[in-house]
Amino acid sequence: MAAIIIRRLLQAIPVLFIIVSLTFVLMHNAPGSPFTTERHIPAPIMAELEKKYHLHGTFAQQYGAYLGDLLHGDLGLSTQYRNRTVNEIIGQALPVSMVLGTLAYAFALLAGTTLGGLAAVRQGRPRDRLIVLAALLGISIPNFVLALLCIRVFAIDLNLLPVAGWGSLDQIVLPAFCLSVPFIASITRLTRGGLLEVLRLDFIRTARAKGLSETAVLFRHALKVAILPVVGYSGPAVAGVLTGSIVVETIFGIPGIGPFFVNSVLNRDPFMTCGVVLVFGLFLILCNLATDILYFVIDRRVNLQ
Amino acid sequence: MTLRDILPRARTLVLLGGTCALGLALFLAFFYAFGGWTLSAPADLTICNGDEPQTLDPAIVTGQLEGRICLALFEGLTTRDAAGHIIPGMAQSWTRSPDGKTYTFLIRPDAKWSNGQPLTAHDFLDSWRRALEPATASEYAYQLYYLVNGEAYGTGKITDFSQVGVKAPDDRTLVVTLSHPTAYFLELTSLQTLCPVYLPCIAKYGDDWIKPGRIVSNGPYVMKAWRLNDYIFLEANPYYWKPVPIRRIKVLPTRDANTCFNLFYSGKTDLILDQTSIPASLLPDLRPKPYYHPNPFGATTFIRFNVKRKPFDDVRVRQALALALDKQDIVDKILRDGEPVANTLVPPGNAGYIPPRGLVRDVDAARRLLAAAGYPGGHGFPDVNLLFSTKGTGPAIATEAQALWARDLGITSIHLRGQEWKVYLNSQASVDFDVCLSRWVGDYGDPQTFIDMFVTDGGNNNTNWSNSRYDQMLAQSENTPDPAQRLRIFHDMEKILVEDDVPIVPVSFMVGAVLYHSDKLGGFESNFVDDHRWGDFYIPKKK
């Protein structure tokens, strides 16, 4: 097991190298320079700027310098936020997104599996129909609509929660909820689908025949198998939710890393863009690895090779 | 239920409960440690400032939102009162030589840094040298090019700073020599680029000197905290030369207009400074509200022609498009905040400046000119593109202009070419367009900041337009010490620009909008330069 994990982690290195290189090439060739503004910048000043941010010389020189810095764990300087390193920005913004994402996903897991279970045991009945409809809505309603609705109702009309901001527990509730809704919906559907399939299988009939209560059948036997699709779905989903959401973080004014995925490209901030791509890549690889391990823990027949 | 049944269940429950509790504890610990948990002291004033500042280093700052915070932290030789007039700042007085080229500033005796150290004329000298030095890579260093040898030093042609026109004969005297009598020099000394910085701090911390706990400043406020995209906390500087009415200011970098307005509407922020921080769709409804304050500022939306490309190499075509454009329609339908229609480039408000009339809308004259140029009724007009930025109102204005020219002149071959902001800036700077929607925000309250853009090969000309008479007049204005005569020259220059040669079509003067409740904030006046010093704000006494 340990050997397999180490091998998977080693495989991650070339993968990360390739994505970061691709990003660097794309940013280098994107039209527009990080330093262009509405005002003309004299050529000598532009040259100094490029020198300071290691963006002078040939492409090979710039790329080489960046890779050299990367090997030392230095993600470079942000060209947008002039007094900050990419390490510093990610160090400040990523934990915020991770806190929000963890909470949102934990809630989504709890709510999603519960709703999925509640629906599956009453298949075709009104309760099932209602949950299926709600899940469909949850997937279909875009985040920004939901967020604005929630702000309107809970923050402005009812005045229960703050409209935006970060730093206190009441400011987490609305964004975490809005962030979790599409995940709740997906997990509900996956759990329901999984359970419906499993509940028809022979070993469930055996468990029932042994006289186990319906609760025990559901939670101790059926759910353990039915949850596998949720585990598979969770790998990429967790990677996504932990690295922030541009929509939710922008609307609620949360200082997370989500908006950087778009804004650093628009700002032509090459090192920041590479930095967030690297972070997302790393999270995706780690979460997928965790998923595979979980698969193995739940079902020993899974071959990790 | 027997004990044998209960025991395993109890074990599962304990295990489950334990895991949950551990998870929660870990989560909370993580949240406290890294999540930006702050029990920050309540601020007396919260300001929505539009976006996260790129930097707050006075020498590097170019943007307006950065400039505002910068000018709360730092103060130059001069500053502004609420109405926007130049008043003494770090200099308590100054004299100007008769030829207008030499200024002698007397630094106030009680000028201090926020660490209590005295601030001297040498601090200004060293800070200006830093701003000019090529290695600092200051994009606004040209604000110091007015000094004798300023440009030569700034572009590395000379390396001896003692040749530059600034001297500090003693701790309280700063003598500045300019290469031309620059009428607006005292405005420049109030800008952040010419503010002093505390060099020992920069020497010690490098690029990190601007962070809380390190930064030393000389303005009405000092920085207490700065979290990226979260907030900046400012506190009154006890060493500032006059008392600061509001003790703590919290600055929010909220970008989204809806979020800003929600914060204001729910009382979480007291002041919104930018029109762009108010949802555009709400503007017509907000205008009658008591907390809506119009805030005109020196900026113009205009259209550039590439005068080297057909058909815009023909002045009649340019004049025709300028005469026909229904600017009122654009203002009413698109901008919707009472923007005045512009027929000239220089916005109103420059004391003593009388602008030319400009080309006032006249569709018949436009049609005649277009026909004379060989495109009667728009027939045969070549395919051209209209460049604009996809940010903000750009697409809407461009689409409307395209439709208006088609409606009034019959030109149907103008194609829209929207580009993402940075790409757009690149295309504009390299004059890679036929027609381009642009804007210009003045650097200081003087017509020159608009007029000198269009000098031949000027860095911001971007039209390929060149007129030797215009260039000569600009040079002449620089050597005219008589202010009234100088403004008359500008009048004639602007006439060439917007009536005779027409490399540009002014569309509208931009207006600002500021939201605050006058019973909660005092000391804010709308002024033409849109420069509001936070150190003058106060909280009105309850009646």
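Residues numbered from 1 in each chain as written. Chains lettered and ligands numbered in written order. Predicted model: local features only at pLDDT ≥ 70, side-chain atom pairs only at ≥ 80, totals over all residues.

Another aspect to go through is the interface of chain A and chain B. At the interface, 40 residues of chain A touch 47 residues of chain B. Of all the elements in the fold, those that place two or more residues in the side of chain A that touches chain B are helix H2 (43–52), helix H4 (86–120), helix H6 (143–157) and helix H11 (246–251) of chain A. With seven residues, the top contributor of residues to the side of chain A that touches chain B is H4 of chain A. In terms of residue class, the side of chain A that touches chain B is made up of 22 nonpolar, twelve polar and six charged. (Contact = placed C-beta atoms within 7 Å. Helix = DSSP H or I, 4+ residues; strand = E, 2+ residues; numbered from the N terminus. Nonpolar A, V, L, I, M, F, W, Y, C, P; charged D, E, K, R; others polar.)

Residues and elements named next belong to chain B. In the segment running from Lys310 into Pro311, the intervening peptide bond is cis, with an omega of -5°. Structurally, Pro311 can be placed in the loop between strand E12 (292–305) and helix H9 (315–324). In the Ramachandran plot, Ala137 falls in the positive-phi region, its phi being about 55° despite a non-glycine side chain. Of note, Val431 is a non-glycine position whose phi angle comes to about 50°, a positive value. Inspection of the secondary structure puts Val431 in the loop between helix H13 (421–429) and strand E15 (435–441). Accessibility expressed as a C-beta count within 10 Å gives 18 for Val431, which makes it partly exposed. (Buried ≥ 20, exposed ≤ 12 C-beta atoms within 10 Å, placed from the backbone.)

Residue and element names in this part refer to chain B. The element strand E10 (residues 248–252) is extensively covered by neighbouring structure, given that four of its five residues are classed as buried. Note: strand E1 (residues 45–48) against E10, four bridges, orientation parallel. Of the residues in E10, the one forming a bridge with Leu45 is Ile249. Across four bridges, strand E9 (residues 231–236) lies against E10 in antiparallel orientation. Bridging across to E10, Phe233 finds its partner in Lys250. (Pairing = 2+ DSSP bridges.)

A few words now on the sheet that holds strand E7 (residues 173–177) of chain B. Residue and element names in this part refer to chain B. Strand order across the open sheet formed by four strands is E4-E5-E7-E6, with antiparallel pairing between neighbours. Whereas interior strands pair on both sides, the edge strands pair on one side only; in this sheet they are strand E4 (91–96) and strand E6 (166–170). Going from strand to strand, the sheet's axes swing by 20° on average, the running direction of each strand aside. Two elements, strand E5 (residues 102–107) and E7, share five bridges in a ladder whose sense is antiparallel. In the sheet register, Tyr103 faces E7, and the bridge partner there is Val176. Packed onto the sheet, helix H3 (residues 121–132) meets E5, E6 and E7 and runs at close to 160° relative to E6. (Axes fitted to C-alpha atoms, helices over the stretch in contact; angles between N-to-C directions.)

This paragraph deals with the packing of helix H5 (residues 126–140) of chain A against helix H7 (residues 170–198) of chain A. Residue and element names in this part refer to chain A. Two elements in contact, H5 and H7, have axes separated by 8 Å at closest approach and are oriented at 140°. By the criterion of interaxial angle, the relationship of H5 to H7 is oblique. Along this stretch, H5 crosses H7, giving a crossing that reads as left-handed. Where H5 approaches H7, its residues Ile131, Ala135, Gly138 and Ile139 are matched on the opposing element by Val181, Pro182, Ile184, Ala185, Ser186, Thr188 and Arg189. (Parallel < 35°, antiparallel > 145°, perpendicular 65-115°, else oblique. Left-handed = near helix turned anticlockwise from the far one by under 90°.)

So, on to the environment of Ile254 of chain A. All names here are of chain A. Relative to the assigned elements, Ile254 resides in the loop between H11 and helix H12 (260–266). A C-alpha to C-alpha distance of 32 Å links Ile254 and Leu9, two positions 245 residues apart in sequence. Here Ile254 is in contact with Val96, Leu100, Trp166, Pro175 and Glu249, once residues within four sequence places are set aside.

Another point: helix H7 (residues 257–265) of chain B. Within H7 of chain B, eight of the nine residues are buried, leaving the element largely enclosed by the surrounding structure. Within H7 of chain B, the full set of buried residues consists of Ala257, Asn258, Thr259, Cys260, Phe261, Asn262, Leu263 and Phe264 of chain B. Looking at the buried side of H7 of chain B, the elements it contacts are H6 and H11 of chain A together with E1, strand E11 (271–272) and strand E16 (504–515) of chain B. Following H7 of chain B by one or two positions, Gly267 of chain B has its phi on the positive side, about 75°.

What follows is about the confidence of the model for chain B. Looking at chain B, the pLDDT average stands at 91 and 95% of residues meet or exceed 70. The ipTM for the predicted assembly is 0.89, set against a pTM of 0.89. (pLDDT = per-residue confidence, 0-100.)

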